[in-house]
Amino acid sequence: MGDSLGSIAARTIVLPVTGLSTIFSARMVLDSTGSVGFSWFSLLISLPLLIPISDFGIAAVLTDVAASHGAGSDVFRRTAKKAIRLLSLICIAAILVGLTLTAFGVWSTILGLPPGLETEMSCLALTAAMGLGIPLGAGQRILLGLGKQTLSTLILGIGGILSLANVSIVHAAGQASFALYGIAFASGPLVAQSVVAFVAWRLIRQYPRDSCQKPTTENIHIRRVALPMAVIAISLPLAYQSDRVVLSHFSSTEELAIYSVVAVLYSPLLSIVNVGGQTLWPMFIRTTEIRKRRAFHRQSMFLFAILGFLLALGLTLFGPFVASFMKSGVASMNISESTYIVFSLLLFMFAVHTTNGMLLMDASGRRMQAIGSFALLSIKIPLSVLLATKIGANGVVLASIISAMLCLVIPAVLAVRRRLRPPPCISAHSPEPSLDFRV
């Protein structure tokens, strides 16, 4: 629980800095390009999450192996080399996909952006950044498995500051388009990822080889872990980040701008939940006795329910004031209180689900969540289209809540209840059964 609390505290410390950086960046883009340009900008920077190319769950193997075997083990070193090679190949493939789509000039059609060379080249630049981030992201996964998520969180906090600096430079130059702003904004997190990867590499080098460990031929089957994680890593971002594309095609640019403004406030708060929740993953791997897991699960559920409630309450109460500062000068944009409420409900739902989701990160749990994630994607997008045409920005958020409850939250509650149920007919002198969490 220590690394989880540390990560939440670290994210809370850097949140004012990164949050203000994002808010000021958004305000400069709004001032320069107006609500329509800002809606295009927000759609552009979400591009890396809309492309169904990711690390395909390969980096998740590094978290599992680092937590279960340690960075000094031969198993970890062999697995890391194999994983990095695969991630580098995926990086090259992602860049080639970007080049192909740019050559045919279809980015603007796919995303609903204004056609032109500038749009195509900016999409290529963001695709390349996404591709480079795939092998670099392995650094964060390794630090997570080693219980160093707090360090990773603090370093990644510089990404927002770098984005603000780049956006400020572009803004000062004058007459910048949404495409140039998008490239400037996206470059900050990539630099932060590079620093995290370098720190992870240096940290691994400091771990001595485990001299007490007998030579082993044990192999970690990357495909067994990566396949369900690949489904999750593709389905969930594609489902949630499709909101902007759905609004772009089936609603108005005003609704897209409204969604984007509130999402700027929602995303940093969600990151607190995500960063803290990720640290539960290696903790559940190490805690195999059912009695201890039940106690740890109760503590985590309580912590994240309180955290989610406070964050959701803050978004509902203070979101309108921060948004009014962001959109000053764009008087035509009216954001209703209901938009903040539906985003707050979504935030609270994810916070409550976090503990169960991390407990179900063993082999069978990942398979169950992969099926649920694919089902969510299948339900979410048609439902978003239907509700977007009716109620705009609120509709796509409601679609996220409904589909996640049906496909992820409720099944996870039932599965965790079965797993943590006390085993029957165990005598007082019987050893506590444990769960096999090996990959």
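Scroll up for the structure.
Residues numbered from 1 in each chain as written. Predicted model: local features only at pLDDT ≥ 70, side-chain atom pairs only at ≥ 80, totals over all residues. Heavy atoms only, no water.

Draft legend 1. Representation of a positive patch on the surface within the structure. Taken together, the side chains of Arg78, Lys81, Lys82 and Arg85 present a region of like positive charge at the surface. With respect to the element layout, Lys82 can be found in helix H4 (residues 74-104). (Patch = residues over 30% accessible without salt bridge, like charges linked within 9 Å, V, L, I, M, F, W, Y side chains within 5 Å. Areas by Shrake-Rupley, 256 points an atom, 1.4 Å probe, with all protein chains shown as cover. Salt bridge = Lys/Arg side-chain N within 4 Å of Asp/Glu carboxyl O. Lys, Arg positive; Asp, Glu negative; His and termini not counted. Charge placed at Lys NZ, Arg CZ, Asp CG, Glu CD. Helix = DSSP H or I, 4+ residues; strand = E, 2+ residues; numbered from the N terminus.)

Draft legend 2. A look at the packing of aromatic side chains. For the coordinates displayed, the defined rule picks out 8 aromatic pairs. Between Trp40 and Phe178, the aromatic rings sit 5.6 Å apart at their centres with planes inclined by 55 degrees, giving tilted as the arrangement. On the criterion of sequence distance, the pair formed by Trp40 in helix H1 (residues 2-45) and Phe178 in helix H10 (residues 178-206) is long-range, its members being 138 residues apart. A relative accessible area of 24% places Trp40 in the partly exposed class. Judged by relative accessible area, Phe178 falls into the buried class, the value being 8%. (Phe/Tyr/Trp six-rings, centres within 6.5 Å; stacked < 30°, edge-to-face > 60°. Buried < 20%, exposed > 50% of the residue type's maximum accessible area, 1.4 Å probe, protein only.)

Draft legend 3. The packing of helix H14 (residues 290-326) against helix H15 (residues 337-359), seen in detail. Between H14 and H15, the shortest axis-to-axis distance is 8 Å and the interhelical angle comes to 165 degrees. If you check the angle between H14 and H15, you find them roughly antiparallel. When the axes of H14 and H15 are compared, the crossing they make is right-handed. Grouping the constituent residues of the contact of H14 with H15 by class yields 17 nonpolar, 9 polar and 2 charged. (Axes fitted to C-alpha atoms, helices over the stretch in contact; angles between N-to-C directions. Parallel < 35°, antiparallel > 145°, perpendicular 65-115°, else oblique. Left-handed = near helix turned anticlockwise from the far one by under 90°. Nonpolar A, V, L, I, M, F, W, Y, C, P; charged D, E, K, R; others polar.)

Draft legend 4. Main features of the packing of helix H6 (residues 117-136) against H10. Remark: H6 packs on H10, axes separated minimally by 10 Å, with the N-to-C direction vectors making an angle of 10 degrees. The angle between the axes of H6 and H10 places the two elements in the roughly parallel class. When H6 is examined against H10, the residues Glu118, Thr119, Ser122, Ala125, Leu126, Ala129, Leu132, Gly133 and Leu136 are found in contact with a partner set consisting of Phe178, Ala179, Leu180, Gly182, Ile183, Ala186, Leu190, Gln193, Ser194 and Ala197. Of the residues contributing to the contact of H6 with H10, the split by class is 12 nonpolar, 6 polar and 1 charged. (Contact = heavy atoms within 4.5 Å.)

Draft legend 5. Region of interest: the side chain of Lys380. Within the secondary structure, Lys380 sits in helix H16 (residues 363-391). Within polar-contact distance, the side chain of Lys380 engages the backbone oxygen of Ala239 at 3.4 Å. (Polar contact = N/O pair within 3.5 Å; in protein donor to acceptor, adjacent residues only side chain to side chain.)

Draft legend 6. Quick look at helix H3 (residues 58-69). Compared with the 16 Å implied by 1.5 Å per residue over 12 residues, the 17 Å span of H3 between its first and last C-alpha is a close match. Within H3, 10 of the 12 residues are buried, which leaves it mostly tucked inside the rest of the structure. Along H3, the residues that are buried comprise Ile58, Ala59, Ala60, Val61, Leu62, Thr63, Asp64, Val65, Ala66 and Ala67. Note on H3: the residue one or two positions beyond its end, Gly70, has a positive phi of about 90 degrees. (Expected span 1.5 Å × (residues − 1).)

Draft legend 7. Here's a closer look at the pattern of salt bridges. Applying the stated criterion across every chain, the model contains 4 salt bridges. Between Lys380 and Asp243 there is a salt bridge, with the nearest N and O atoms lying 2.3 Å from each other. Of this pair, Lys380 sits in helix H16 while Asp243 is found in helix H11 (residues 222-250), placing the two residues 137 residues apart along the sequence. No difference in accessibility class separates Lys380 from Asp243, as the two residues are buried. Its salt-bridge partner being Asp362, residue Arg419 comes within 2.6 Å of it at the nearest N-O pair. Of this pair, Arg419 sits in helix H17 (residues 393-419) while Asp362 sits in the loop between H15 and H16, placing them 57 residues apart in sequence. Taking the relative accessible area as the measure of exposure, Asp362 reaches 8% and is therefore buried.

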